[in-house]
Amino acid sequence: AVLLSGAAYMMQDQKVYADEMERTFIAIKPDGVQRGLISEIVSRFERKGYKLVAIKLVVPSKDFAQKHYHDLKERPFFNGLCDFLSSGPVLAMVWEGEGVIKYGRKLIGATDPQKSEPGTIRGDLAVVVGRNIIHGSDGPETAKDEIALWFKPSELVSFTSNAEKWIYG
Ligand code: ADP
């Protein structure tokens, strides 16, 4: 009976922490990778208390970049942006945690690094809008679509981290 209740508790943990937690798509763009900023950026999400559930280094094709940025296809910078995203390795990630979509955007900072607050990733580490080093989903729908575009379901890892009880209480 003790074992059974232990298992049930674990199942509840898995449900609360693994299945129902919010997820967002975060990518370090080719400029961030080339500048050696991977560990700096990953550590900001990790230290905050978010959980990394998928990660891979990919060089997207231009066609793939156009899919990723399809919402911006009418913008004058669209072509250059897609050329840039497909110009080298991108570190694609999925991060999980309570409120991670919205707060992840706060950690990243405003689109234009000249308007990003100091303390944010773009504020601290980038200078111009065309080389702002990182992408983060801007809402729940985009997060869902972008995770599905960049990752197969089997590449997403559901697990309970021992730190969760200290992060969420
Ligand atoms: P965010 O990345 O903050 O969600 P947007 O979705 O508006 O911002 O734009 C996507 C990306 O397009 C930006 O991160 C930036 O790399 C690029 N971009 C946005 N505005 C410009 C611009 N005026 N000139 C060049 N590139 C831009």
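Note that the structure is predicted; figures quoted are calculated from it, not measured. Per chain, residues are indexed from 1 in the order of the written sequence. Only residues with pLDDT of at least 70 are given local features in this predicted model, and only at 80 or more are side-chain atom pairs given and counted; all residues enter the totals for whole chains, interfaces and linings. Think of the side-chain values as coming from all heavy atoms in the structure, minus any hydrogens and water.

### Quick notes on the pattern of salt bridges
- A side-chain nitrogen of Lys or Arg and a carboxyl oxygen of Asp or Glu constitute a salt bridge if their distance falls within 4 Å. Taken as a whole and judged by the stated rule, the model has eight salt bridges.
- One salt bridge in this structure joins Asp 124 and Arg 44, with 3.1 Å as the shortest N-O distance. Pair noted here: Asp 124 is in helix H7 (residues 121-125) and Arg 44 is in helix H3 (residues 38-48), with a separation of 80 residues, a long-range link.
- Overall, Arg 44 belongs to the buried group, its relative accessible area being 16%.
- For Lys 62, the salt bridge goes to Asp 83, with nearest N and O atoms at 2.9 Å. Of this pair, Lys 62 sits in helix H4 (residues 62-68) while Asp 83 sits in helix H5 (residues 78-85), and the two are 21 residues apart along the sequence. Helix and strand assignments follow DSSP, with helices taken as H or I runs no shorter than four residues and strands as E runs no shorter than two, numbered in order from the N terminus. Partly exposed describes any residue whose relative accessible area lies between the buried limit of under 20% and the exposed limit of over 50%, with all areas from a 1.4 Å probe on protein chains only and scaled to the type maximum.

### Some details on the site of the ligand
- Only a single heavy atom is needed: when it lies within 4 Å of a molecule or strand, its residue is near that molecule or strand. In the region of the ligand, the neighbouring residues are Lys 29, Tyr 69, Leu 72, Phe 77, Leu 81, Arg 105, Thr 111, Arg 122, Val 129 and Asn 132.
- A distance of 2.7 Å separates an oxygen atom of the ligand from a polar side-chain atom of Arg 105.
- To measure how exposed things are, a 1.4 Å probe is used in the Shrake-Rupley method; for residues, cover is taken only from the protein chains shown. When the free accessible area of the ligand is taken as 530 Å², the share hidden by the protein chains comes to 74%. Here a polar contact means two N or O atoms within 3.5 Å. Within protein one must be a hydrogen donor candidate and the other an acceptor candidate, and residues neighboring in sequence count only if both atoms are side-chain atoms.

### Remarks on the UniProt feature "binding site: ATP" (unreviewed entry) in the protein
- With numbering aligned to this structure, UniProt lists the feature "binding site: ATP" (unreviewed entry) at Lys 29, Phe 77, Arg 105, Thr 111, Arg 122 and Asn 132.
- If you trace the backbone, Phe 77 turns up in the loop between H4 and H5.
- On the basis of relative accessibility, which here comes to 40%, the residue Phe 77 falls in the partly exposed class.
- Topologically, Asn 132 is positioned in the loop between H7 and strand S4 (134-136).
- The residues touching Asn 132, leaving out its near neighbours within four places in the chain, are Lys 29, Asp 31, Thr 111, Pro 113, Arg 122 and Ala 126. UniProt positions are given in the numbering used here, feature names are shortened, and annotations may be inferred rather than shown by experiment. Contacts are assigned to residue pairs that have any heavy atoms within 4.5 Å of one another.

### So, helix H6 (residues 100-108)
- Looking only at H6, the buried set comprises Val 100, Ile 101, Gly 104, Leu 107 and Ile 108. Projected onto a plane normal to the axis of H6, the buried residues spread over an arc of 115° and lie on a single side. Exposed side of H6, more than 90 degrees from the buried face: Lys 102 and Lys 106 are the residues found there.
- Buried residues in H6 make contact with strand S1 (23-28), H3, strand S3 (90-96), H7, S4 and helix H8 (140-150).
- Downstream of H6 by a residue or two, Gly 109 has a phi angle that is positive, lying close to 95°. The arc in question is formed by the directions pointing from the helix axis toward the C-beta atoms.

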